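What follows is each chain in one-letter form.
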Amino acid sequence: MVTFSQAIKSFYGNYANFKGRASLSQYWWVALYSFVAVCILYIPAMLCSNGGQGGFGFWFFMILMYLFALINLIPTIALTVRRLHDTNRGGGWYFISLIPLIGGIWMLVLMLQPSNRGENRFGAQPE
């Protein structure tokens, strides 16, 4: 089981690594990190929205939030593919998430699956 800081270091250290495996804890620590970061940027944006009229503060925080999402797009996809590998599924399963409504639920269930014990076709079991 990896710690929060190990998961974030690995997340950015394997920026575009689609090979290997990622543990359940690594995936969910990064999910928590992303959720908290987006909330930290979204809440002030809404507070600065000036009653739905926008304004400088609103757009500043929204642009920061979108930049965060854009910067993390490739590593998030790579982490998800490595997590799928950990459950002994190929990266092509990622495309299931593109199916409206049911795809996201299906992907959530796949991400909650326990790790495949021992070595599988994608490598050794992560710590």
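That block above? That's the structure.
Residues numbered from 1 in each chain as written. Predicted model: local features only at pLDDT ≥ 70, side-chain atom pairs only at ≥ 80, totals over all residues. Heavy atoms only, no water.

Engineer: Quick one: what's the story with the state of the cysteines, residue by residue and with numbers?
Structural biologist: What makes a disulfide is a covalent bond joining the sulfur atoms belonging to two cysteines. Tallied over the full model, the rule gives zero disulfides. The cysteine Cys 39 is free of any disulfide, with Cys 48 supplying the nearest cysteine sulfur at 16 Å. (Disulfide = S-S within 2.5 Å.)

Engineer: Talk me through the nonpolar core; I want residue IDs and the actual numbers.
Structural biologist: One broad trend across soluble globular proteins is that nonpolar side chains are buried collectively. Counting residues in each nonpolar core, the largest one holds 13 residues, and the members touching the most others are Val 30, Leu 79, Leu 84, Met 107, Leu 110 and Met 111. Sorting the residues of this core by element identifies helix 1 (4–13), helix 2 (24–47), helix 3 (56–86) and helix 4 (102–112) as the ones contributing at least two each. If sequence neighbours within four positions are ignored, Met 111 has contacts with Leu 24, Tyr 27, Trp 28, Thr 80, Arg 83 and Leu 84. (Core = buried A, V, L, I, M, F, W, Y, C linked by side-chain atoms within 4.5 Å. Buried < 20%, exposed > 50% of the residue type's maximum accessible area, 1.4 Å probe, protein only. Helix = DSSP H or I, 4+ residues; strand = E, 2+ residues; numbered from the N terminus. Contact = heavy atoms within 4.5 Å.)

Engineer: Talk me through unusual backbone geometry; I want residue IDs and the actual numbers.
Structural biologist: Positive phi, close to 65°, is recorded for Asn 88, a residue that is not glycine. Positionally, Asn 88 belongs in the loop between helix 3 and helix 4. Assessed through its relative accessible area of 31%, Asn 88 is described here as partly exposed. Even without being a glycine, Leu 101 presents a positive backbone phi close to 60°. The topology assignment puts Leu 101 in the loop between helix 3 and helix 4. Residue class for Leu 101 comes out exposed when judged on its relative accessible area of 73%.

Engineer: So what's going on with the environment of Leu 32? Residues and values would help.
Structural biologist: Along the chain, Leu 32 turns up in helix 2. For Leu 32, a relative accessible area of 40% translates into the label partly exposed. Between the alpha carbons of Leu 32 and Arg 82 there is a distance of 17 Å; along the sequence they are 50 residues apart.

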